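# What the coordinates show
Listed below are the residues making up each chain.
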Amino acid sequence: MRSQAERYRSGVMPYAQMGYWDEDYDPKDTDVIAVFRISPQDGVDPIEAAAAVAGESSTATWTVVWTDRLTACENYRAKAFRVDPVPGSPGQYFSYIAYDLALFEEGSIANLTASIIGNVFGFKPLKALRLEDMRIPVAYLKTFQGPPTGIVVERERLDKFGRPLLGATTKPKLGLSSKNYGRVVYEALKGGLDFVKDDENINSQPFMHWRDRFLYCMEAVNKAAAATGEIKGHYLNVTAATMEDMYERADFAKQLGSCVVMIDLVIGYTAIQSMAKWARRNDMILHLHRAGHSTYTRQKTHGVSFRVISKWMRMAGVDHIHAGTVVGKLEGDPNIIKGIYSICRDDFTQRNLEQGVFFDQDWAGLRKVMPVASGGIHAGQMHQLLTYLGEDVILQFGGGTIGHPQGIQAGATANRVALETMIKARNEGRDIWNEGPQILAEAARWCSPLRAALDTWKDVTFNYQSTDTADFLPTATVA
Amino acid sequence: MRITQGAFSFLPDLTDAEVRAQIEYSLAQGWAIGVEYTDDPHPRNFYWEMWGNPMFDLRDPAGVMSEVLACREAHPRQYIRVSAFDSRRGFETTRLSFMVNRPGDEPGFLLKRNEVGGRQIQYTLESYATLAPEGRRYQ
């Protein structure tokens, strides 16, 4: 055993020897655990690299400091306790690091992330670093409000059960005047959609001021509700430069009777948590568009995985989150997307390495987030969407509604008929994965908007290799 | 107009065989089925009249179907829906709800616009049918 005097002699010492590596450490139920994918520089020992990540994301600096000895520093040191080579990826390692609960402020995503992803991603001995997954202890989860509404209450408020919800993003996303913009909203809602959505970059530009947009959109929402007898909504994007501006816009949306407001991920974690609290106080559904996420979630070797962002957002408290489509135009490996959807919707998420989920996660009653599938999807894929994504999801067909050859109402009707017919067939016990195209064709016989949609988009697919894929393949088991 | 509440309102009205298939599916999920009716179809009228309590102990689709038919016979000119309730933890809510009867003529809703200051409008939806007292609508 080293003496304390040796341990704290001034100078530089490997992180592993400073106490940031402990292969015998048995994580406590109350520890936050993170798994990072580390790519050490050539010649750097992976265990030392893992210890460095633990050190730099908790108490360490580059040299020994005597002031550690004024503290119960063992508690505050994160401990790397396991390093595994990544299957099939030489030079990459999964390193597991445990953090004591005392390191984190209650109910603060900003504080949690300032430690876990604060300094360490630029650390020179690593070529690259990716936060793959986190286990959040129940003790810490219970300090977060979570989604202001949640899937169950949202469905009860909207009085819509047993099928995915349907939405669309108004297009073109930029340039429409408020009056023309509201026209798109009305047509799509009357045609059969439940929600229409502002796009992420619709805020308050020269061509359309936010107040004007809100007024016309609420006319559209109410007119469509009268035309159908259904509750309808439009995600009014309240994203703005300051919290004061966002509160002003959200308050106006509430005053006009909107059931939902929207924010972009780029407003930051603290602003998201503030809006979550506002939404809870004001009985508002809070929609989150994940603008900007691909800059750090898409590449496998560096950044933060979207499953971690999803966990943080469920804790921070949003009701909707864009979480991938599998079949559409945006990144999305089927297994990885399944894992992300589980994180949004489960009461208890089970470890599933094929889906990129590294830990069991007890959600401790935290309300569920409705995943949103948006980007390059159309009615002809309904059987695939339902099979991959399930029922508690919002399917958003922007181009697939507004680009319909017979008009926006017809586009919305095509989507709604395709959805209802597929749910009905599934419930009747039909094999929708294989019979899907036939089921749609049967409905298209009496529904001409659906027929036109199928004819227009029948061959549209986006078959590209995903970049964010699982590292663990299923192995055949002997029965 | 056609009120499009419920899971299958964009499809042609379900036949009895189709209704029964959805009941079978719901029972197979372990859900309890309730039959509800109303002559006030406002989208925020959450409490339709219950045709008895949800049938927690009735697992036979034919039995449930006979309740649907009895409700339809008693209230042929009202809206009737079948709702399936899931008591499992994490849900404890309705999991499927669809219409199984409608009045022949659906007059729809009046959208009232109360113009207040600053271009703002307060909207109110009113069903034309509910201008008559309860029980004397859709005659």
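You'll find the structure just up there.
## Points about the overall build of chain B
From N to C terminus, chain B includes two helices and six strands. Moving toward the C terminus, one meets the helices and strands of chain B in the order α-β-β-α-β-β-β-β. Taken along the three principal axes of its C-alpha coordinates, chain B extends 55 × 40 × 25 Å. Out of the 139 residues in chain B, the part that is buried amounts to 28%. Contacts spanning at least 24 positions in sequence make up 51% of the contacts within chain B whose residues lie at least 6 apart.

## Quick look at the overall build of chain A
Check the secondary structure of chain A and you find 18 helices and 15 strands. Here chain A has a C-alpha radius of gyration of 25 Å; the compact-globule value for 479 residues is 23 Å, and the two agree. Its C-alpha atoms give chain A principal-axis dimensions of about 80 × 60 × 35 Å. Looking at chain A residue by residue over its 479 residues, the buried ones come to 55%. Across chain A, every contact between residues at least 6 apart in sequence was considered, and the portion connecting residues at least 24 apart equals 76%.

## Notes on the nonpolar core
Residues and elements named next belong to chain A. By size, the foremost hydrophobic cluster in this structure holds 172 residues, and its most contacted members are Val 53, Ala 80, Val 261 and Leu 450. Among the elements that make up this core, the one with the highest residue count is helix H8 (residues 210–228) (eleven residues). Each residue touching Leu 450, except ones within four places of it in the same chain, is listed here: Ala 379, Ala 414, Val 417, Ala 418, Leu 440, Ala 443 and Ala 444.

## Details of helix H16 (residues 408–427) of chain A
Residues and elements named next belong to chain A. Relative to the 28 Å expected for 20 residues at 1.5 Å per residue, H16 spans 29 Å between its end C-alpha atoms, a close match to the ideal helical length. By the criterion of burial, H16 is predominantly enclosed, with 19 of the 20 residues buried. The positive-phi residue at the C-terminal boundary of H16 is Gly 429, with phi of around 95°.

## Considering the interface of chain A and chain B
Taken residue by residue, the interface counts 31 residues in chain A and 29 residues in chain B. Residue assignment for the side of chain A that touches chain B shows that the elements contributing at least two residues are helix H6 (150–158), H8 and H16 of chain A. Per-class residue counts for the side of chain A that touches chain B are ten nonpolar, nine polar and twelve charged.

## A few points about the pairing of strand E3 (residues 93–99) of chain A
Residues and elements named next belong to chain A. Most of E3 sits out of view: six of its seven residues are buried. Two strands pair when backbone bridges link them, and strand E1 (residues 32–40) and E3 are joined in this way by seven bridges, in the antiparallel orientation. Within E3, the residue paired with Ala 34 across the bridge is Ile 97. For strand E2 (residues 79–85) and E3, the ladder comprises six bridges, and the chain directions are antiparallel. By the bridge assignment for E3, Lys 79 is matched with Ala 98.

## Observations concerning the pairing of strand E6 (residues 121–127) of chain B
Residues and elements named next belong to chain B. When strand E5 (residues 109–115) meets E6, the two strands line up antiparallel, connected through seven bridges. Counted as the bridge partner of Leu 110 is Glu 126 from E6. Hairpin connection from E5 to E6: five residues lie between these consecutive antiparallel strands, with Gly 118 at a positive phi of about 60°.

## Quick notes on the sheet that holds strand E11 (residues 320–322) of chain A
Residues and elements named next belong to chain A. Spatially, eight strands are ordered E5-E6-E7-E8-E9-E11-E14-E15 in a closed barrel, and the strand pairing comes out parallel. Taken pair by pair, the neighbouring strands of this sheet meet at an average axis angle of 25°, ignoring direction. Note that strand E14 (residues 370–374) and strand E15 (residues 394–396) share three bridges and pair parallel. Of the residues in E15, the one forming a bridge with Ala 373 is Leu 395.

Scoring rules and cut-offs
- Residues numbered from 1 in each chain as written.
- Chains lettered and ligands numbered in written order.
- Predicted model: local features only at pLDDT ≥ 70, side-chain atom pairs only at ≥ 80, totals over all residues.
- Helix = DSSP H or I, 4+ residues; strand = E, 2+ residues; numbered from the N terminus.
- Buried ≥ 20, exposed ≤ 12 C-beta atoms within 10 Å, placed from the backbone.
- Contact = placed C-beta atoms within 7 Å.
- Rg over C-alpha atoms; globule rule 2.2 N^0.38 Å.
- Core = buried A, V, L, I, M, F, W, Y, C linked by C-beta atoms within 7 Å.
- Expected span 1.5 Å × (residues − 1).
- Nonpolar A, V, L, I, M, F, W, Y, C, P; charged D, E, K, R; others polar.
- Pairing = 2+ DSSP bridges.
- Axes fitted to C-alpha atoms, helices over the stretch in contact; angles between N-to-C directions.

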